[in-house]
Amino acid sequence: MWVTHAEMPDSSRLLTPADVRRLADRLGVRPTKTRGQNFVIDHGTVRRIVRVAEVGGDDVVLEVGPGLGSLTLALLPHVRHVTAIEIDPKLAEALPATVSEHAPDLADRLRVVTADAMRVAEIPGPEPTALVANLPYNVAVPVVLHLLELLPSLRRGLVMVQAEVADRLAAPPGSRTYGVPSAKAAWYADVRRAGSVGRNVFWPAPNVDSGLVELRRRPAPSATASRAEVFAVIDAAFAQRRKTLRVALSSWAGSAAAAEAALRAAGVDPSARGESLDVEAFARIAEQAPARSEH
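Calculation criteria
Residues numbered from 1 in each chain as written. Predicted model: local features only at pLDDT ≥ 70, side-chain atom pairs only at ≥ 80, totals over all residues. Heavy atoms only, no water. UniProt positions renumbered as here; feature names shortened; annotations may be inferred. Helix = DSSP H or I, 4+ residues; strand = E, 2+ residues; numbered from the N terminus. Buried < 20%, exposed > 50% of the residue type's maximum accessible area, 1.4 Å probe, protein only. Polar contact = N/O pair within 3.5 Å; in protein donor to acceptor, adjacent residues only side chain to side chain. Contact = heavy atoms within 4.5 Å. Salt bridge = Lys/Arg side-chain N within 4 Å of Asp/Glu carboxyl O. Arc of directions from axis to C-beta. Phe/Tyr/Trp six-rings, centres within 6.5 Å; stacked < 30°, edge-to-face > 60°. Core = buried A, V, L, I, M, F, W, Y, C linked by side-chain atoms within 4.5 Å.

With an unreviewed UniProt entry as reference, the protein chain is termed Ribosomal RNA small subunit methyltransferase A, source organism Nocardiopsis rhodophaea. Taken directly from UniProt, the Subcellular location (unreviewed entry) text for the protein chain runs: "Cytoplasm". The Catalytic activity (unreviewed entry) field of the UniProt record for the protein chain holds the comment "adenosine(1518)/adenosine(1519) in 16S rRNA + 4 S-adenosyl-L-methionine = N(6)-dimethyladenosine(1518)/N(6)-dimethyladenosine(1519) in 16S rRNA + 4 S-adenosyl-L-homocysteine + 4 H(+)".

Asker: How should I be thinking about the side chain of Asn38 in this particular structure?
Answerer: Within the fold, Asn38 resides in the loop between helix 1 (17-27) and strand 1 (39-40). Under the relative-accessibility criterion, Asn38 is labelled buried at 16%. Polar side-chain contacts of Asn38 include one of 2.8 Å to the backbone oxygen of Pro204. Residues contacting Asn38, with those up to four places away along its chain left out, are Asn134, Phe202, Trp203, Pro204, Ala205 and Pro206.

Asker: I tried to follow the pattern of salt bridges on my own but got confused; where do I start?
Answerer: One side chain can pair with another of opposite charge once the charged atoms of both are near each other. Under the defined criterion, the tally for this structure stands at 17 salt bridges. For Arg227, the salt bridge is made with Glu149, and the minimal N-O distance between the two is 3.1 Å. Placement of Arg227 in helix 8 (residues 227-239) and of Glu149 in helix 5 (residues 140-150) is noted, with a sequence separation of 78 residues between them. For Glu260, the salt bridge goes to Arg264, with nearest N and O atoms at 3.0 Å. Residue Glu260 and its partner Arg264 are both found in helix 11 (residues 256-265); the two are separated by four residues, about one turn of the helix. By sharing partners, the salt bridges in this structure join Glu54, Arg192, Glu214 and Arg216 into a single network.

Asker: Looking at this model, I keep getting lost on the UniProt feature "binding site: S-adenosyl-L-methionine" (unreviewed entry) in the protein chain. Mind explaining?
Answerer: The residues that UniProt annotates with the feature "binding site: S-adenosyl-L-methionine" (unreviewed entry) are Asn38, Val40, Gly65, Glu86, Asp116 and Asn134. Secondary-structure assignment places Glu86 in strand 3 (residues 81-86). Separated by 3.0 Å, the side chain of Glu86 and the backbone nitrogen of Asp88 make a polar contact. Among the structural elements, Asp116 can be located in the loop between strand 4 (110-114) and strand 5 (130-134). Polar side-chain contacts of Asp116 include one of 2.9 Å to the backbone nitrogen of Met118.

Asker: I keep staring at helix 6 (residues 163-170) and nothing clicks. Help me out?
Answerer: In an α-helix there are 3.6 residues to a turn, and that puts residues three or four apart on one side. Among all positions of helix 6, only Ala163, Val165, Ala166, Leu169 and Ala170 are buried. The buried residues of helix 6 occupy an angular sector of 160° when projected down its axis, which confines them to one face. As for helix 6, its buried residues are in contact with helix 5, strand 6 (156-162), helix 7 (180-188), strand 7 (189-197) and strand 9 (210-217).

Asker: What's the story with the UniProt feature "domain: Ribosomal RNA adenine methylase transferase N-terminal" (unreviewed entry) in the protein chain in this structure? I'm lost.
Answerer: The UniProt record marks residues 45-219 with the feature "domain: Ribosomal RNA adenine methylase transferase N-terminal" (unreviewed entry), using the residue numbering of this structure. Counted over residues 45-219, helix gives 33% and strand 27%. Its end C-alpha atoms are 31 Å apart.

Asker: Teacher, can you tell me more about the environment of Ser250 here?
Answerer: Summarising the element assignment, Ser250 is placed in helix 10 (residues 250-253). It is 9.6 Å that separates the C-alpha atoms of Ser250 and Ala237, two residues lying 13 residues apart in sequence. When neighbours within four sequence positions are excluded, Ser250 is seen to be in contact with Ser255, Ala256 and Ala259. For Ser250, the side chain forms a polar contact with the main-chain oxygen of Val247, separated by 2.7 Å.

Asker: What exactly am I supposed to notice about the packing of aromatic side chains here?
Answerer: Given two aromatic rings, their pairing is described by the distance between the two centres and the angle made by the two planes. Per the stated rule, a full pass over the model turns up five aromatic pairs. Between Tyr178 and Phe238 the ring centres are 5.9 Å apart and the planes differ by 75°, which places this aromatic pair in the edge-to-face class. With Tyr178 in the loop between helix 6 and helix 7 and Phe238 in helix 8, this residue pair connects regions lying 60 residues apart in the sequence. In this structure Tyr178 comes out as buried when scored by relative accessible area, which is 2%. Ring geometry for Phe238 against Phe282: centres 6.0 Å apart, planes inclined by 55°, an arrangement best described as tilted. Highlighted residues: Phe238 in helix 8 and Phe282 in helix 12 (residues 279-287), separated in sequence by 44 residues. Residue Phe282 is classed as buried on the basis of its relative accessible area of 0%. By the ring-pair criterion, three or more aromatic residues cluster together here, those being Tyr178, Phe238 and Phe282.

Asker: Got a minute to help me understand the nonpolar core in this structure?
Answerer: Proteins that are soluble and globular tend to have nonpolar side chains buried together. By size, the foremost hydrophobic cluster in this structure holds 59 residues, and its most contacted members are Leu135, Leu147, Leu249 and Phe282. Those residues within four positions of Phe282 in sequence are excluded, and the remaining contacts are Tyr178, Ala183, Val230, Val233, Ile234, Ala237, Phe238, Gly274 and Leu277. The next biggest cluster of nonpolar side chains, apart from the first, holds 43 residues, and it includes Ala24, Val99, Val197 and Phe202.

Here you go:
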């Protein structure tokens, strides 16, 4: 079931820049760099996020870091439910009242959880089907990876992150920005850049541009190695990314000779570098770990 154009929210339901500042003043909130707080103040941006996320009336959206509620108010008319995770108790407590004031007929679609999204162990309520969030720059990658692992029900996601982080998450093998974030994200999903976002849509305006990243869940590589074992190989490969895999994986394997044997058994050139491998190749290497073959 999809929400029709006629049901799209009018501007009175969304927070204006003046609303955002007034709410912040009322709550005594000052955006902090520590928590990467930059509040969205542009209607066009939140509507664009909802549109690109392709969420519909059957979706349960998980929103991380809702802040003062700009994106939350844009999401609520289009989806069945929004579960918002907010680490700041003051913001978490205020969000339901903001929604009741600006969209009273939609207030029952919202649940707010006061928690750290990087450490949350369960999400109450209906299982989330989509992740839609404006993520703090300093925690974007660990939050995305943690939630994809924690919530197999997440079928897709659209996150707004720092442009550099967006590039790293969506980078394909062989590219300059390909590394640990892109290789690990690929374990869970097909990842791509879904657009750019300027600085002036935020208050306060950050010193960097932002980007949208789309994630679509796909099956993990079929391997006998576990996710943790595969991720250990990825971490080792990129810890010395300028080194050949024979050298970079020597500590992981126990020696350079053992690393070479594992690589050859996995069908990977020992002189290659980690940036050239996709997640399936890392999984094949993990299957050849010396410690595993001893059992």
